[in-house]
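Residue-level structure breakdown
Residue-level listing of the chains:
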Amino acid sequence: MFNTNQGEARRQGRIEVVCGSMFSGKTEELIRRMKRAKFAKQRVEIFKPAIDVRYSQEDVVSHDRNVIQSTPIDSSAQILLLSADIDVVGIDEAQFFDQGLVDVCNELANRGVRVIIAGLDMDFRGVPFGPMPALCAIADDVTKVHAICVKCGNLAYVSHRLVDNEKRVLLGETAEYEPLCRDCYQKAMEESEQTTNT
């Protein structure tokens, strides 16, 4: 917070993005930051896409089963309607939201709200995912977290899809995805191509 010329206190808004592959601890970090804000007696609200019902229809749940209460929504526009008088807004699985999320986050930050966003930066093909690239561009702070490659133990680069499904959005866990480094991902893609061609 800082004082304006009139002497009243005004909050400083900011956008923080936590991105990376699956199993890298994005949601864990979002929950940690939100719980710290709650502990500091700030008014917080966390949103997630209504389509994400993997662990809970209502709550945001990390792979390690840490939980925080959230509000499932269908579009980014609902965030503005539901975040009046909120100090800190959390958004999980941001890659599943529409491109309007970028303007929503900017508007909130300009109002003095701290916005914390967690999401996949790339899809299973290694292509930038949804509004995440634009959110990284406008963020005050970007934290890239890494899973560990299940093949070689290096830092993971991408979430490799294990099931034969070309849909971009496919909710899943360890049965459907594995974190791979760039090298192991390239090898997996070559093997997959050879299998397809034989």
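Remember, predicted model here, so these are calculated numbers, not experimental data.

**Observations concerning the pairing of strand β4 (residues 44–49)**
Pairing between β4 and strand β8 (residues 88–91): four bridges, direction parallel. Counted as the bridge partner of I46 is G90 from β8. Inspection of the sheet shows β4 paired to strand β7 (residues 71–73) by three bridges, in the parallel sense. In the sheet register, F47 faces β7, and the bridge partner there is T71.

**As for unusual backbone geometry**
Not every positive phi belongs to a glycine, and K41 is a case in point at roughly 65 degrees. In this fold, K41 is placed in the loop between α1 (26–39) and β4. Positive phi is not limited to glycine here, since D85 has a value of about 60 degrees. Topologically, D85 is positioned in the loop between α2 (77–82) and β8.

**Side note on the confidence of the model for the protein**
Confidence in the prediction for the protein averages 85 pLDDT; 80% of positions are at 70 or higher. Every residue in residues 1–8 is under pLDDT 50, and counting partners more than four places away or in other chains gives 11 contacts.

**Concerning the sheet that holds strand β9 (residues 114–120)**
Judged by pairing direction, the sheet is parallel, and its six strands sit side by side in the order β7-β4-β8-β9-β3-β10 without closing on themselves. Edge positions in the open sheet fall to β7 and β10 (141–145), since each of these has one partner strand only. The sheet shows a mean angle of 20 degrees between the axes of neighbouring strands, direction not considered. Across four bridges, the pairing between β8 and β9 is parallel. For V89, the partnering residue across the bridge sits in β9 and is V115. Packing against the sheet, α1 makes contact with β3 (14–20), β4, β8, β9 and β10, and its axis sits at approximately 165 degrees to β9.

**Remarks on α1**
Compared with the 20 Å implied by 1.5 Å per residue over 14 residues, the 20 Å span of α1 between its first and last C-alpha is a close match. Residues K26, T27, E29, L30, I31, R33, M34 and A37 constitute the buried set of α1. One or two steps after α1, the chain reaches K41, where phi turns positive at roughly 65 degrees.

**Regarding the packing of aromatic side chains**
Summed over all chains, the structure comprises two aromatic pairs. Judged by centre distance (6.0 Å) and plane angle (85 degrees), the ring pair of F96 and F129 falls under edge-to-face. Residue F96 is located in the loop between β8 and α3 (101–110), and its partner F129 is located in the loop between β9 and α4 (132–138); the two are separated by 33 residues in the primary sequence. We note that F96, like F129, is buried.

**Focus on the side chain of S24**
Position of S24 among the secondary structure elements: in the loop between β3 and α1. On the accessibility criterion, S24 (11% relative accessible area) is buried. Of note is the side chain of S24, whose polar atom sits 2.7 Å from the backbone oxygen of S21. In contact with S24, not counting residues within four places along its chain, are V145, H146 and A147.

**So, the nonpolar core**
Core analysis: the biggest nonpolar cluster contains 23 residues, and I79, I91, I117 and L135 have the highest contact counts within it. The set of elements that each furnish at least two residues to this core consists of β3, β8, α3, β9 and α4. The element that contributes the greatest number of residues to this core is α3, accounting for six residues. Residues in contact with I91, not counting those within four places in the same chain, are L30, I46, F47, I79, F97, L101, C105, V115, I116, I117 and A118.

Cut-offs and rules
- Residues numbered from 1 in each chain as written.
- Predicted model: local features only at pLDDT ≥ 70, side-chain atom pairs only at ≥ 80, totals over all residues.
- Heavy atoms only, no water.
- Pairing = 2+ DSSP bridges.
- Helix = DSSP H or I, 4+ residues; strand = E, 2+ residues; numbered from the N terminus.
- pLDDT = per-residue confidence, 0-100.
- Contact = heavy atoms within 4.5 Å.
- Axes fitted to C-alpha atoms, helices over the stretch in contact; angles between N-to-C directions.
- Expected span 1.5 Å × (residues − 1).
- Buried < 20%, exposed > 50% of the residue type's maximum accessible area, 1.4 Å probe, protein only.
- Phe/Tyr/Trp six-rings, centres within 6.5 Å; stacked < 30°, edge-to-face > 60°.
- Polar contact = N/O pair within 3.5 Å; in protein donor to acceptor, adjacent residues only side chain to side chain.
- Core = buried A, V, L, I, M, F, W, Y, C linked by side-chain atoms within 4.5 Å.

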